[in-house]
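# Architecture at a glance
The primary structure of each chain is shown beneath.
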Amino acid sequence: MSSVAKFSALAAARSALRRATFAVALLGCAAAAVSPQAAQAEVKVGLSDWPGWVAWYIADQKGYFKKNGADVKLVWFANYTDSISALSSGQLDANSQTWSDTLGPLAKGIKLKAVLVNDNSAGNDALMVSPKIKGYADLKGKSIALEQYSISHFVLATALAKNGMKPADVKIVNLPAGDAAAAFLAGRVDAAVVWNPWVNQIQQSGKGRALFTSKDMPGLVPDLLVAQEKAIASKRKEFVGMIRAWFEVEKFVREQPAEAAKIMAKVVSMKPDEYQVFLPGTRFFDAATNKAAFDAKNPQSLVAVAPTIAAFLTEHKLIDGKPDAAAGVDGSLLQEALGTATAAK
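This structure is a prediction, so every number in the text was calculated from the model and none was measured.

## A few points about the pattern of salt bridges
Per the counting criterion, the structure on display carries nine salt bridges. As a salt-bridge pair, Lys113 and Glu229 come within 3.8 Å of each other at their nearest N and O atoms. One end of the pair, Lys113, is in strand 4 (residues 112–121); the other, Glu229, is in helix 10 (residues 229–234), with 116 residues separating them in the sequence. The class for Lys113 is buried, based on a relative accessible area of 15%. In this structure, the salt-bridge partner of Lys166 is Asp169, at a minimum N-O distance of 3.7 Å.

## Focus: the side chain of Thr102
Take Thr102: it is sitting in helix 6 (residues 100–107). A residue is classified by how much of its surface remains accessible, and Thr102, at 0% relative accessible area, is buried. Aside from chain neighbours lying at most four places away, what touches Thr102 is Gln97 and Val226.

## Re unusual backbone geometry
Cis geometry is found at the peptide bond from Asn196 to Pro197, where omega equals 20 degrees. Mapped onto the fold, Pro197 is located in the loop between strand 8 (191–195) and helix 9 (198–205). The phi dihedral of Tyr149 falls on the positive side, at around 70 degrees, and the residue is not glycine. As for its placement among the helices and strands, Tyr149 is situated in the loop between strand 6 (143–146) and helix 7 (151–162). The partly exposed category is assigned to Tyr149, whose relative accessible area is 33%.

## Some details on the confidence of the model for the protein
For the protein, per-residue confidence averages 89 on the pLDDT scale, and residues scoring 70 or more make up 86% of the total. Across residues 25–41, confidence stays below pLDDT 50; counting only partners more than four residues off in sequence or on other chains, it has 38 contacts. Scored below 50 in pLDDT, residues 340–345 makes seven contacts in the model with residues more than four places away or belonging to other chains.

## Some words on the nonpolar core
Note that soluble globular proteins tend to have their nonpolar side chains buried in a common cluster. Within the largest apolar cluster, 102 residues are counted, with the highest numbers of intra-cluster contacts made by Trp56, Ile58, Trp99, Leu127 and Leu139. The dominant element in this core, judged by the number of residues it contributes, is helix 11 (residues 236–255), at ten residues. One finds Met128, Ala145, Ala180 and Ile202 within the second-largest nonpolar core, a separate group that totals 16 residues.

## Focus: the pairing of strand 4
Each regular strand carries side chains that alternate between the two faces of the sheet. Counting buried residues in strand 4 gives ten out of ten residues, a clear majority hidden from the surface. Looking at chain direction, strand 4 and strand 10 (residues 222–228) are connected through seven bridges and run antiparallel. Looking at the pairing, Asn120 lines up with Pro222 of strand 10. Note: strand 4 against strand 11 (residues 282–284), three bridges, orientation antiparallel.

## What about the sheet that holds strand 10?
Within the open sheet, the six strands sit side by side as 2-1-3-10-4-11. Their pairing is mixed. Bordering the open sheet on either side are strand 2 (72–76) and strand 11, each of which pairs with just one other strand. Strand-to-strand twist across the sheet, computed as the mean angle between neighbouring axes with direction ignored, equals 30 degrees. In this fold helix 11 packs onto strand 1 (43–47), strand 2, strand 3 (94–98), strand 4, strand 10 and strand 11, with an angle of close to 0 degrees to the strand it touches most, strand 4.

Conventions used here
- Residues numbered from 1 in each chain as written.
- Predicted model: local features only at pLDDT ≥ 70, side-chain atom pairs only at ≥ 80, totals over all residues.
- Heavy atoms only, no water.
- Salt bridge = Lys/Arg side-chain N within 4 Å of Asp/Glu carboxyl O.
- Helix = DSSP H or I, 4+ residues; strand = E, 2+ residues; numbered from the N terminus.
- Buried < 20%, exposed > 50% of the residue type's maximum accessible area, 1.4 Å probe, protein only.
- Contact = heavy atoms within 4.5 Å.
- pLDDT = per-residue confidence, 0-100.
- Core = buried A, V, L, I, M, F, W, Y, C linked by side-chain atoms within 4.5 Å.
- Pairing = 2+ DSSP bridges.
- Axes fitted to C-alpha atoms, helices over the stretch in contact; angles between N-to-C directions.

Structure follows, in structure tokens:
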């Protein structure tokens, strides 16, 4: 078994569920199977395998939902793309999904609203280079392994653009993330864009370093709670309570990371020490960072970064039409939650 596979095949699958497809909304609005138990919940919320979303189980186990008057049923999706289809087709009240995977449905006219930012990737995605690559000039003509059209592709495009280069200046080798990491470690490519746990393993191997990470592109890789417009209208109280509960979750993760990792690791059948690798590269959003994300005047807000993300999706024919980002954001629930929330202060 390769060194990458030995690290944690399960951890690899965990990340791939969320990161493998950058614009899964194009798969359409096919109905996804939702557990019959979910029908008992006041608010059915889909989630899949990413730290900022698995953290919702802390709210469930610590009683934060109940404390804040939110009747929430968490519906687990082993396949992230199924959760997006379930939300778009109305089988869920809300879902945990990226901003990029929300722009597609918005372009199709589906009435969705981003109501909370759970986190931003802040180092979990990275352009890893060999020691011989000293800077971006050294990347010209070099081979870079990555999963085409995934978040990794977007990270590379952003890194190059920020340094006066374009994808055509390098040789992209299309490989699944695990294979890209293996190819890099074996010396078959000069660089690779991967996400954790591979970022961490490459660093520990001594065979590569991060030249650019998602921490260098703040606001461009946001993970959200996205709700059906009709669900917000009929279940507003529960959504406001859910947002308040999130701020307690963020505080818990920040103040008790080991205990948080223990709870989250159990959900995805990992060891707590393995799961802790993901926490430093995940910037969990509190009240202040959420307020900034919903302020259209902020250059890193959801509305402000949408054109950059949409441009990438459009260039690669991953989206049909032009999404109205402003129409896909509703910060009023956040404001209502902050009106009386003490945990967020």
